[in-house]
Structure formats: structure tokens, C-alpha cells
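Secondary and tertiary structure notes
Listed below, chain by chain, are the residues.
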Amino acid sequence: MTDFQLALLNWYKANARELPWRKADHIDPYAVWMSEVMLQQTTVGVVIPYFLRWMERFPTLESLALASEEEVLVYWQGLGYYSRCRNLLAAVRIVKAQGWPQSVLEWLALPGVGDYTAGAVTSIAQGIPAALVDGNVERVFARLTCNPKINPALKADAWHWAKVNLYEPDPGTWNQALMELGATICTPKNPSCGACPVSRYCQAFQNGTVADYPSPKPAKEWIEVFHQAWVFVNAGKFGLVQAQPGEWWAGMWHSPRGKETELIERFGNLSRERVGIIKHVVTKHKISVEVYRVQSDQLDLRWFAKSELDELAISSPGRKILTLVNSAVQPRLELE
Ligand code: SF4
């Protein structure tokens, strides 16, 4: 073991946060897998309540494999990136049928499993020596080595570094220690270098250039999208459609939306009342949705009572739209 590894592992053993999927006495590969997929693109604080609710409803691989996609999406909603959830369910069903993968390569063969998830589950849940790089590790690496690159070159260098520096006798603890350092000490803004167990190995700290790493990303080129959502209401019910494969939020329910011309072409130029506007960001799209209430009983919609909406897979912008209309028309709906 190198001095660098020893310093980081000792710090982690004394400082690791207690997390619901981290149990000192028992590692549940299924729980680790679920948590690692949920943790992509978001933080531990956001994930914990979703994870606990998920594990209460789907406590085992078998229980999840047997659930319907629609129900699983309901438990995922709020975490975003719904294709990840659909892939997860497909992968879980394969594992149930074929048994647990036993190597990074076997994990990578499952739908939606990328290098990070494969490295995390094999190392943390199965003790197989496998490196991983997430955003935390990438940042720690950039600062430790004063790497000036931006992605994808930075990520490639970080993967190489993570493989070379992996502590093979306990790869799961090592990988978690690196990520924990990035999440709690070597944070994106104002890292706590004074409390860092590896500051003496950190080139950026030694040079006084921590603020320069990682190098800033070039500004995103945003695509502005202007849509309308027509919220059909009739007799206290909402008329919804289900997003089709290939559309945003596929499989989830929402009020019909799109360009005004598309909606008029589909439903006719119906009388409608403007309720407000919501804004949402999806990858590089900035979406503004003008929300209209439409009193109509279009037959080709599925109608749901307000009380049924909580049990329905609805994306977070879809829910915002319904809430906006519902709060605006509450007295009228109750009279109907
Ligand atoms: S010394 Fe500071 S910049 Fe370097 S790894 Fe530690 S927290 Fe990060």
C-alpha cells in the first residue's frame, strides 16, 4: 500500500458518512446497484428518500423484476433521466433470468450499464478489483495532478489514473473513499484543503492553484424550445396521453404538448384559457411551456381523476403543469 492510499483509507474509515446502502456488516449487491444508478447526476442528499421508498416497495431483485414498468416509473419520478430507469428494469430482469454478472465486462453487457456503474457494483458489491471515475473522482484527480484538460480528455486521463492507483486488496472501500473525498472535502467550490488527508500529495494545493482545476468547461450551447401544453379537464378529470418511445419522458403520462400548430392540427382550434408558463431544462434544451386549460372531453385521451394522479408516472414538468392548472381551476373543478 502506498502512503497516499494509506492516508486516504484511514481518513475514510474514520469519516465515511452513514448511508442506507452502506452497511458495515452486510453488503447487499442489489441495494448497491440501485443506489449507484440513482446517484448518477445527483447527490446523496437527494437520493436517500427515493432510495428508501424504492427499497420498501422493491426490497429484492425479484420484486423489482416482477413489477410493471409503469409502477417502477412512478417510484423513479423526480430522479429524472427516465430512460435510465427503463434500462435498469430491463437489466434487473436479465439478471433475474441469467444470474449476477461476475466481471466488469459482463456488467457492461447489460442495458444502460456504463463504465462507472460496472466499476462501482463489481468493486463495492462484489469485491472485484475494478476502478471507477465519477464527477467527484474526476475533480479530485484534476487537482491532485494539475491536469488542465477538459472532457472527454480529462475523463480518459482520470480513468487511467484510477486504474493505476486502485487499491486492489479492497477496491470497494478504495473507490468509495475517493468519491467520499470529492463529495465532502474536495468539493467543486471552496474545497476544505485544510482538512484534506491527501493535501501533501496534491499538486494544485502545493502550487496554490486549486481554483484553476478542473479547467472551466466551455459554455453550453442552449437550444430554446417553445411549446404549449393543453390541459384537458372535464367533470373533475384530466385527459392525458402517454409519451411514446423516442419522445422525451417515454412511457410517462402528460397533458398533450408540442408546438401550437401541432396541437391545433391534432385537436382542432379549441377554445382555451392561458394559465401560465413553466420553464424546464432537459440536457441542452431550455423549454418554455405555455400552459392552457381546455374544457373538453376529447375521446382519444385517457381520463384520470385528480386522486389517481399521485399513482401515475408523470414527469416533473408534467406534474408542475397539472399543479398549475389545478390550483388555477380548483373552485371550478369542485363545482363540476
Ligand atoms: S488538497 Fe484540496 S484540492 Fe487537493 S485533493 Fe485535497 S481538497 Fe482537493
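These numbers come from a predicted model, not from an experiment.

1. Some remarks on the pattern of salt bridges
Tallying each qualifying case throughout the model produces nine salt bridges. Among the salt bridges present, the one from R17 reaches E180, with a minimum N-O distance of 2.9 Å. Taken together, the residues R17 in the loop between helix 1 (3–15) and helix 2 (29–39) and E180 in helix 11 (residues 171–184) connect sequence positions 163 residues apart. One network of salt bridges, with partners in common, ties together R17, R22 and E180.

2. Quick look at empty space enclosed by the protein
Counted by the stated rule, this structure contains three cavities of 30 Å³ or more. If you add up the space inside the largest cavity, you get close to 100 Å³. In terms of lining residues, the largest cavity is bounded by 13 residues, among which R143, C186, C193, C196 and C202 are the most central. For the lining of the largest cavity, the element with the highest residue contribution is helix 9 (residues 135–145), accounting for three residues. When its volume is computed, the second largest cavity comes out at roughly 70 Å³. Together, H227, W248, W249, R257, H280, I287, V289, P317 and I321 line the second largest cavity. Among the elements of the structure, strand 6 (285–295) and helix 14 (316–335) are those that each provide at least two residues to the lining of the second largest cavity.

3. Some points on the pairing of strand 1 (residues 223–234)
Along any regular strand, the residues point their side chains to alternate faces of the sheet. Here strand 1 pairs with strand 6 via eleven bridges, running parallel. Bridging across to strand 6, I223 finds its partner in H285. Relative to strand 4 (residues 257–258), strand 1 runs antiparallel, the two being bridged by two bridges. Residue pairing for strand 4: A229 is matched across the bridge by R257. Relative to strand 2 (residues 237–242), strand 1 is paired through three bridges, and the arrangement is antiparallel. From the neighbouring strand, N234 faces strand 2, where its bridge partner is K237. What sits between the antiparallel neighbours strand 1 and strand 2 is a turn of two residues, in which A235 has the positive phi angle 50°.

4. Here's the deal with the layout of surface pockets
Looking at the second largest pocket, its volume works out to about 530 Å³. Around the second largest pocket, the lining is made up of 19 residues, and of these G80, Y81, V281, V282 and T283 lie nearest the centre. Of all the elements in the fold, those that place two or more residues in the lining of the second largest pocket are helix 6 (82–98), strand 5 (273–282) and helix 14. Grouping the amino acids of the lining of the second largest pocket by side-chain chemistry returns nine nonpolar, seven polar and three charged.

5. As for the nonpolar core
Within the largest apolar cluster, 100 residues are counted, with the highest numbers of intra-cluster contacts made by W33, M34, W54, L64, W76 and L181. Here the element with the most residues in this core is helix 2; it accounts for eight residues. Formed by eight residues, the second largest nonpolar core is a distinct cluster that contains W230, V241, L263 and L301.

6. Overview of the site of the ligand
In the neighbourhood of the ligand, the contacting residues comprise R143, I185, C186, C193, C196, S199, C202, F205 and V210. A molecule is said to occupy a pocket when more than half its atoms come within 2 Å of that pocket's grid points, and by this definition the ligand occupies the largest cavity.

7. Remarks on the environment of K284
Tracing the chain through its elements places K284 in the loop between strand 5 and strand 6. On the basis of relative accessibility, which here comes to 42%, the residue K284 falls in the partly exposed class. Residues K284 and E221, spaced 63 residues apart in sequence, show a C-alpha to C-alpha distance of 7.0 Å. In this structure, K284 is in contact with E221, W222 and I223, ignoring residues within four places of it in sequence.

8. Describing the domain arrangement of the protein chain
Under the domain assignment, the protein chain is made up of domain 1 (3–212) and domain 2 (223–335). Summarising the inter-unit geometry, the C-alpha centres of domain 1 and domain 2 are found 36 Å apart. The interface is formed by six residues belonging to domain 1 together with 14 residues belonging to domain 2. Summed over both sides, the interface between domain 1 and domain 2 buries roughly 730 Å², with carbon and sulfur atoms accounting for 53% of that surface.

9. Things to note about the packing of helix 1 against helix 11
Two packed helices can be described by the angle between their axes and the distance between those axes. Running from N to C, helix 1 and helix 11 cross one another at 75°; their axes reach a closest spacing of 9 Å. It follows from the interaxial angle that helix 1 and helix 11 lie roughly perpendicular. Here F4, Q5, L8, L9, W11, Y12 and N15 of helix 1 lie close against helix 11, whose contacting residues are T173, W174, Q176, A177, L178, E180, L181 and T184. In the contact of helix 1 with helix 11, the residues fall into nine nonpolar, five polar and one charged.

What counts, and at which threshold
Residues numbered from 1 in each chain as written. Predicted model: local features only at pLDDT ≥ 70, side-chain atom pairs only at ≥ 80, totals over all residues. Heavy atoms only, no water. Salt bridge = Lys/Arg side-chain N within 4 Å of Asp/Glu carboxyl O. Helix = DSSP H or I, 4+ residues; strand = E, 2+ residues; numbered from the N terminus. 1 Å grid on protein atoms, 1.4 Å probe; cavity = no way out; pocket = protein on both sides within 12 Å on 5 of 7 lines; lining within 4 Å. Points joined across faces, edges and corners; volume = space filled by probe spheres on them. Pairing = 2+ DSSP bridges. Nonpolar A, V, L, I, M, F, W, Y, C, P; charged D, E, K, R; others polar. Core = buried A, V, L, I, M, F, W, Y, C linked by side-chain atoms within 4.5 Å. Buried < 20%, exposed > 50% of the residue type's maximum accessible area, 1.4 Å probe, protein only. Near = heavy atom within 4 Å. Sits in = over half its atoms within 2 Å of the grid points. Contact = heavy atoms within 4.5 Å. Domains from an automatic or database assignment. Buried area = accessible area lost by both parts, 1.4 Å probe. Axes fitted to C-alpha atoms, helices over the stretch in contact; angles between N-to-C directions. Parallel < 35°, antiparallel > 145°, perpendicular 65-115°, else oblique.

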